[in-house]
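Remarks on the overall topology
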Amino acid sequence: MRPSLILILLCLLTALAAVGALAVGSNGVDFGGMFSALLGQSDATNREIIFDLRLPRALNAFGCGALLALAGALLQALLRNPLADPFVLGISSGAGALSLIAMLFGAGAALTAAAGFGGALASTGILFLLAWRGGLLPIRLLLAGVILSAAWGALITLLLALAPDAPLRGMVFWLMGDLAQADSGRAWLAPVAAFVSLALAFPLARSLDALGQGELSAAALGVAVGRLRALALLLAALITALVVVIAGSIGFVGLVTPHLMRLAGLRRHRELLPACVFAGGTLLLLADVISRSVVAPLQLPVGAVTAALGAPMFLWLLSRSAKR
Amino acid sequence: MLSAPTRKVEVILRTSNLGVEVGGKTICQDFNLNIERGSRWAILGINGAGKTTLISTLAGIRAPETGSITLNDRPLGEFAPRERAMRIGLMVQDDHDEAETTVLDIALLGRLPYLEWWQMESAADEAIAIDALNAVGLKGMEVRRAATLSGGERRRLAIAALITQQAPLLMLDEPNSHLDLHQQIALLDLLCSLPDRTLVMSLHDVNLAARYCTHALLLFAGEGEGDGMGKGGACAGPIAEMLDPGVLSKLYRHPVTAHDTAAGRVFLPT
């Protein structure tokens with residue numbers, strides 16, 4: 001299939017998923033209710049459900065999924081490792097640990113978010129310090145990231161063990177990933193950030209393709225490899241920090257989406273990166289619909305849904321690629 | 001007495017007092033080298049003598065420890081990376097990924113130095129890449145996954161990418177390693193038939209160097225000091241002067257003898 005056709009299909013899929021996300025929910029507003037609300041012919045309650053509850057949540061889900069998939073694609077290219085995702089380098093664990101500390105001390109949403117962002121940036125700084133030897137060495141970066149991730153993980157376990165009951169439930173839900181956290185006024189943030197990040201990553205596309213053929217080959221073609229790696233890592237780190245702050249840890253979207261798109265036949269990053277934005281956004285949008293409709297009116301944490309969907313999907317991909 | 005006609009030789013790459021070290025080991029020091037347009041250089045030396053490091057340095061993707069390198073009389077370090085890549089092509093030893101990349105994708109990467117990030121590869125770029133694939137005998141293989149190519153095909157694909165890059169100075173790190181006899185000859189025939197190219201390649205086969213190259217650069221891995229060579233032991237010159245049984249015996253730390261045959265002079269290890 002032609003790459004442009006795949007991209008068009010993905011856009012259509014995103015639109016369908018968005019309609020689904022607006023029409024499905026525990027409040028009894030269905031397709032008819034949704035359309036009349038969108039056309040402004042519905043009562044105030046319906047409009048409130050659509051515009052103040054479902055739309056912000058859908059925007060949030062799409063934006064976070066898109067960001068995660070984009071960060072995953074960047075990191076997989078940067079590390080030349082198909083198992084890389086936004087969580088493997090410990091950036092999100094750093095954000096998680098500091099956010100939990102803030103919650104433990106009873107900090108409000110804004111302060112918790114700031115602490116999380118600080119944690120992600122601190123983690124990235126430590127990564128640069130450990131992995132920089134006149135340039136970022138992928139193997140050092142990966143090792144440092146895995147160890148950093150383990151260390152933050154230990155701290156998170158410790159915090160959960162020591163936390164009093166009152167903040168504990170919120171902390172656990174935060175860790176599992178929760179798209180309901182964002183208030184409706186700021187729901188535009190994630191999708192806007194996704195398209196801004198795409199615009200920033202897009203100029204790197206051909207250089208990332210060259211990097212796939214090896215560091216020296218890329219350098220010989222005129223790619224400034226050191227600068228490329230630093231830029232890609234920085235962008236992926238900022239993206240991860242933002243998503244963790246908005247929605248907590250949501251796994252598997254960042255890992256699986258780039259692989260799905262490659263298997264669909266998108267090889268070059270100038271096609272892969274935009275496709276990841278739409279596909280990752282759609283995946284998380286659908287996961288969110290499932291998370292709020294399966295046991296409605298209760299909600300499953302969306303991080304659990306993506307992991308439950310993503311783990312078998314990834315194992316399937318892995319067995320398929322092993323056969324070829 | 002007639003004055004000899006002065007043939008203008010153009011030096012494309014020049015090193016002055018070049019010093020290259022890696023891991024505390026000196027590969028060459030105070031090394032002066034003039035690579036003339038159209039010449040074909042073989043870099044010879046034992047494993048670990050620093051052939052790869054020297055090639056990377058001459059290709060400008062690694063800075064020398066001391067001394068300077070000029071490309072067309074301009075310091076190599078002053079070239080922007082892509083500007084340099086339009087003039088020097090480098091084929092490194094195998095390092096390929098297992099992704100879905102196709103043969104044409106890889107050949108087209110040779111156009112990277114010429115394209116701004118917002119530009120798509122044009123029909124002209126694609127034609128250059130396809131011509132290059134045809135030249136190396138990979139005609140009709142454009143959409144094949146590169147991971148499914150044989151070792152010889154993979155090497156020819158790398159040459160196609162190098163041709164697509166259209167740089168006048170080509171550097172190749174062991175272009176014929178792991179290839180069968182026929183593939184080695186075919187590859188070197190192909191490289192030497194490229195028009196208007198200057199070649200610098202590291203080789204392990206002295207007889208292939210003698211057959212295909214005009215000049216040789218010997219890296220003695222520290223063994224040649226005090227014999228009128230720079231410290232670290234590098235020397236360079238026309239191939240006929242450099243390939244001498246005594247010198248080669250020292251180079252490879254193994255006795256080498258020369259035998260004159262109907263096919264020319266061959267060197268054999270004893």
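Along each chain, residues carry numbers from 1 onward, in the same order as the chain's sequence is written. Here every chain gets a letter starting at A, and every ligand a number starting at 1, in the order they are written. Whole-chain, interface and lining totals are the exception, using all residues; otherwise, since this is a predicted model, local features are given only for residues with pLDDT of at least 70 and side-chain atom pairs are given and counted only at 80 or more.

Quick word on the overall build of chain B
Note on conventions: DSSP H or I runs of at least 4 residues are helices, E runs of at least 2 residues are strands, and numbering of each starts at the N terminus. Broken down by element type, chain B carries nine helices and 12 strands. In this description the radius of gyration comes from C-alpha coordinates, and the expected globular size is given by 2.2 Å times residues to the power 0.38. Whereas a compact globule of 270 residues would reach a radius of gyration of roughly 18 Å, chain B reaches 19 Å, a difference of no more than 12%. In terms of overall dimensions, chain B has a C-alpha envelope of 55 × 50 × 45 Å along the principal axes. Note on burial: count the other C-beta atoms lying within 10 Å of the residue's C-beta; 20 or more is buried, 12 or fewer is exposed, in between is partly exposed, and C-beta positions come from the backbone. Out of the 270 residues belonging to chain B, those deemed buried represent 40%.

Considerations on the overall build of chain A
A count of helices and strands for chain A gives 14 helices and zero strands. For chain A, the N- to C-terminal ordering of α and β elements is α-α-α-α-α-α-α-α-α-α-α-α-α-α. Radius of gyration (C-alpha) of chain A: 20 Å, near the 20 Å computed for a compact globule of 324 residues. Principal-axis analysis of the C-alpha atoms gives chain A an extent of 65 × 55 × 35 Å. Taken across its 324 residues, chain A has 51% of its residues classed as buried.

Focus: the pairing of strand S4 (residues 66-71) of chain B
All names here are of chain B. A pair of strands is treated as paired once DSSP finds two or more bridges between them. When strand S1 (residues 11-22) meets S4, the two strands line up antiparallel, connected through five bridges. For Gly19, the partnering residue across the bridge sits in S4 and is Thr66. Where S4 lies against strand S5 (residues 74-75), two bridges are found, and the strand directions are antiparallel. Opposite Thr70, over in S5, you have Pro75 as the bridge partner. The hairpin turn running from S4 into S5, its antiparallel successor, is two residues long, and Asn72 in that turn takes a positive phi close to 50°.

Remarks on the packing of helix H1 (residues 3-23) of chain A against helix H3 (residues 44-79) of chain A
Residue and element names in this part refer to chain A. Interhelical geometry of H1 versus H3 gives an angle of 140° and a closest axis separation of 9 Å. For the pair H1 and H3, the sense of crossing is right-handed. In this structure, H1 contributes Ala18, Ala21 and Leu22 to the contact, and H3 contributes Ile50, Arg54, Leu55, Ala58 and Ala61. Tallied by class, residues from the contact of H1 with H3 come to seven nonpolar, no polar and one charged. For helices, the axis comes from a line fit to the C-alpha atoms of the stretch in contact; other axes are also lines fit to C-alpha atoms, and the angle between any two N-to-C directions lies between 0 and 180 degrees. Handedness of each helix crossing follows the sense of rotation of the near helix against the far helix: counterclockwise by less than a right angle gives left-handed, clockwise gives right-handed. In this description, a residue-residue contact is defined by the distance between C-beta atoms placed from the backbone, which must lie within 7 Å. Charged residues are taken to be Asp, Glu, Lys and Arg, nonpolar residues to be Ala, Val, Leu, Ile, Met, Phe, Trp, Tyr, Cys and Pro, and polar residues to be all remaining types, Gly included.

Some words on the sheet that holds S5 of chain B
All names here are of chain B. Overall, antiparallel pairing links the four strands, which are arranged S2-S1-S4-S5 in an open sheet. What marks the edges here is a single partner per strand, and that holds for strand S2 (25-36) and S5. Contacts from helix H1 (residues 51-58) reach S1, S2 and S4 within the one sheet, and its direction differs from that of S1 by about 130°.

Comments concerning the interface of chain A and chain B
On the chain B side, the residues contacting the 19 residues of chain A number 23 residues. Sorting the residues of the side of chain A that touches chain B by element identifies helix H9 (205-211) and helix H10 (215-220) of chain A as the ones contributing at least two each. Considering every element that reaches the side of chain A that touches chain B, the biggest residue donor is H10 of chain A, with four residues. Residues belonging to the side of chain A that touches chain B are distributed by class as follows: eight nonpolar, five polar and six charged.

A few points about the sheet that holds strand S10 (residues 234-238) of chain B
Residues and elements named next belong to chain B. In spatial order, the strands read S6-S7-S8-S3-S9-S10; together these six strands make up an open sheet with mixed pairing. This sheet does not close on itself; its edge strands, each paired only once, are strand S6 (88-91) and S10. With strand direction ignored, the average angle separating the axes of adjacent strands in the sheet is 15°. Summarising the sheet, strand S9 (residues 215-219) and S10 pair through five bridges and their orientation is antiparallel.

Quick word on unusual backbone geometry
Residue and element names in this part refer to chain B. The backbone of Asp73 sits at a positive phi, close to 65°, despite the residue not being glycine. Note on placement: Asp73 falls in the loop between S4 and S5. Of note, the phi angle at Arg253 is positive, near 55°, even though the residue is not glycine. Here Arg253 shows up in the loop between helix H9 (245-252) and strand S11 (256-261). Given 10 C-beta atoms within a 10 Å radius, Arg253 is considered exposed.

Side note on the domain arrangement of chain B
Often, the extent of an interface is quoted as the loss of accessible area upon association of its parts. All names here are of chain B. A domain assignment, automatic or from a database, supplies the domain bounds used here. Taken domain by domain, chain B holds domain 1 (11-87 + 168-269) and domain 2 (97-166). Placing a centre on the C-alpha atoms of domain 1 and another on those of domain 2 gives a separation of 26 Å. Tallying the contact residues gives 12 residues for domain 1 and 10 residues for domain 2. Sorting the residues of the side of domain 1 that touches domain 2 by element identifies helix H2 (81-85) and helix H6 (181-193) as the ones contributing at least two each. If you tally residues by element for the side of domain 1 that touches domain 2, the top one is H6, at four residues. Residues of the side of domain 1 that touches domain 2, tallied by class, amount to nine nonpolar, two polar and one charged.

Remarks on helix H7 (residues 165-176) of chain A
All names here are of chain A. The span one expects for a helix is its residue count, reduced by one, times 1.5 Å. For H7, which comprises 12 residues, the first-to-last C-alpha distance of 17 Å matches the rise-based estimate of 16 Å (1.5 Å per residue) to within 8%. Residues Met171, Trp174 and Leu175 constitute the buried set of H7. For H7, the angular spread of buried residues about the axis comes to 95°, placing them on one side. Exposed residues lying more than 90 degrees from the buried face of H7 are Asp165 and Arg169. Considering only its buried residues, H7 is in contact with helix H4 (91-104) and helix H6 (138-162). The arc refers to the directions leading from the helix axis to the C-beta atoms.

Some thoughts on the nonpolar core
Counting residues in each nonpolar core, the largest one holds 181 residues, and the members touching the most others are Cys64, Leu67 and Leu70 of chain A together with Ala107, Met171 and Ala216 of chain B. When residues of this core are assigned to their parent elements, the largest contribution, 19 residues, is made by H3 of chain A. Both domain 1 (11-87 + 168-269) and domain 2 (97-166) of chain B contribute no fewer than three residues apiece to this core. Excluding its chain neighbours within four sequence positions, the residues that come into contact with Cys64 of chain A are Leu179, Ala190, Val243, Ile246, Ala247, Ile250 and Leu284 of chain A. Put simply, a nonpolar core is a cluster of buried Ala, Val, Leu, Ile, Met, Phe, Trp, Tyr and Cys residues tied together by C-beta atoms within 7 Å.

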